[in-house]
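Fold and geometry: a report
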Amino acid sequence: MTDLNRQLQFKTLQVHACQSPGPTTTARAVAIYASTTFVLGGSTVASSLRATFTSVKFVLGDDPETFEAAIDERTKAIYVKSIGNPKYNTAPIPNLAKVAHKNGIPLIVDNTFGIGGYLVRPISLGADIVGKFDRTRSGKFSSFAEPPVGYHGLVFAETFGPSAFSVKLPMELLGDLGPAPNLFGAFLPIKGLETLSLRAQRRSDNASALATRLSNHPKVSWVSYLGLPNHEYHERVKEFLGPNAFGGVLSFGIKGDTTVASQAVDNLRSCQSSCE
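1. Thoughts on the overall build of the chain
The helix and strand inventory of the chain stands at 11 helices and 4 strands. Restricting to contacts in the chain with at least 6 residues of sequence separation, those with at least 24 account for 63%. Only carbon and sulfur atoms are counted for the fraction: they give 57% of the accessible area of the chain, which is about 18100 Å².

2. A word on empty space enclosed by the protein
Summed over all chains, the structure comprises 1 cavity of 30 Å³ or more. Taken as a whole, the largest cavity spans an internal volume of roughly 60 Å³. As for the largest cavity, its lining consists of I83, Y88, F113, Y225, L226, F246, G247, G248 and V249. When the residues that make up the lining of the largest cavity are grouped by side-chain class, the tally is 7 nonpolar, 2 polar and no charged.

3. Regarding a nonpolar patch on the surface
Residues L169, L173 and L177 make up a contiguous nonpolar surface patch of roughly 280 Å² in combined accessible area. Mapping L177 onto the fold places it in helix α7 (residues 164-177). The class of L177 is exposed, set by a relative accessible area of 62%.

4. A few points about the side chain of K140
Of note, K140 is situated in the loop between β2 (107-110) and α5 (142-145). Put simply, K140 is tucked away with no salt bridge, and the nearest opposite charge, on D72, sits 6.1 Å away. Setting aside anything within four residues of it in sequence, one finds K140 in contact with D72, E73, T75, K76, N103 and I105.

5. Topic: unusual backbone geometry
Residue P86 is bonded to the preceding N85 through a cis peptide linkage, with omega at 15°. Mapped onto the elements, P86 comes out in the loop between β1 (78-81) and α4 (93-102).

6. Some remarks on the pairing of β2
In terms of strand pairing, β1 meets β2 through 4 bridges, oriented parallel. If you follow V80 over to β2, its bridge partner there is V109. Handedness of the crossover is the feature at issue here: the chain leaves β1, passes through α4, returns alongside β2, and the resulting connection is right-handed.

7. A short note on the nonpolar core
Counting residues in each nonpolar core, the largest one holds 39 residues, and the members touching the most others are I78, V80, L107 and L241. Among the elements of the structure, β1, α4, β2, α9 (196-215) and β3 (220-224) are those that each provide at least two residues to this core. Those residues in contact with L107 that sit more than four places away from it in its chain are I78, V80, I93, L96, A97, A100, A127, D128 and I129.

Each value, and the rule that gives it
- Residues numbered from 1 in each chain as written.
- Predicted model: local features only at pLDDT ≥ 70, side-chain atom pairs only at ≥ 80, totals over all residues.
- Heavy atoms only, no water.
- Helix = DSSP H or I, 4+ residues; strand = E, 2+ residues; numbered from the N terminus.
- Contact = heavy atoms within 4.5 Å.
- Areas by Shrake-Rupley, 256 points an atom, 1.4 Å probe, with all protein chains shown as cover.
- 1 Å grid on protein atoms, 1.4 Å probe; cavity = no way out; pocket = protein on both sides within 12 Å on 5 of 7 lines; lining within 4 Å.
- Points joined across faces, edges and corners; volume = space filled by probe spheres on them.
- Nonpolar A, V, L, I, M, F, W, Y, C, P; charged D, E, K, R; others polar.
- Patch = residues over 30% accessible without salt bridge, like charges linked within 9 Å, V, L, I, M, F, W, Y side chains within 5 Å.
- Salt bridge = Lys/Arg side-chain N within 4 Å of Asp/Glu carboxyl O.
- Buried < 20%, exposed > 50% of the residue type's maximum accessible area, 1.4 Å probe, protein only.
- Lys, Arg positive; Asp, Glu negative; His and termini not counted.
- Pairing = 2+ DSSP bridges.
- Right-handed = clockwise from strand over helix to strand, strands pointing away.
- Core = buried A, V, L, I, M, F, W, Y, C linked by side-chain atoms within 4.5 Å.

Printed below as a string of structure tokens:
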């Protein structure tokens, strides 16, 4: 993304960012290529699958000093959610980014509740994945700093610099593992981005109205929503969320036992219970 794009507002970026006319068709809209199989440029292409074994340390709380205390010589990254579930705790992304970069590792942020960047834009706050981390400085990321098999000596970190992760993911792992979406399935989310701000704001507005209504309901014991002033992360989240939007997810409790709660769920008319 260029410096110019960084200055543009979200509603402009959702339509134009990272898009340009097709090089072969000059199509303005994203072209649909009805194939995921293409002819390789050489007669022999070698590929290798690397087995990766990962262990995880869990850190309780949001204090950046606690995260730093958990880092050792084997630590490859800090991983957090921009907005947690179900507590809706909000990560101090700028401070965690400083800790990560001080120790030569990237900050990875799961931005599921950030609604595609409309609520939270982790890269702008200092996060690295997917983004701009220098994978050569710490010496911990040999797959970026050394040439992989099958790419004729290409070194991702040297060739693509800060964008190395974004390039390596489709070039190497897509070829090895094959997680390619169907073509029309890939096209629809790209077009859907053009109305993301409208849908995201409506979801936030609806959730805010529902949270306020539930807070005043005599049969509701508690409501957890970032937009309510009594939420413990309400003030922090206002520092980096989009204007007048606190997300489309909330939780609440019904007064009474599980039987009463089940009856409340069964009596919903515009919602359905589901699990993932």
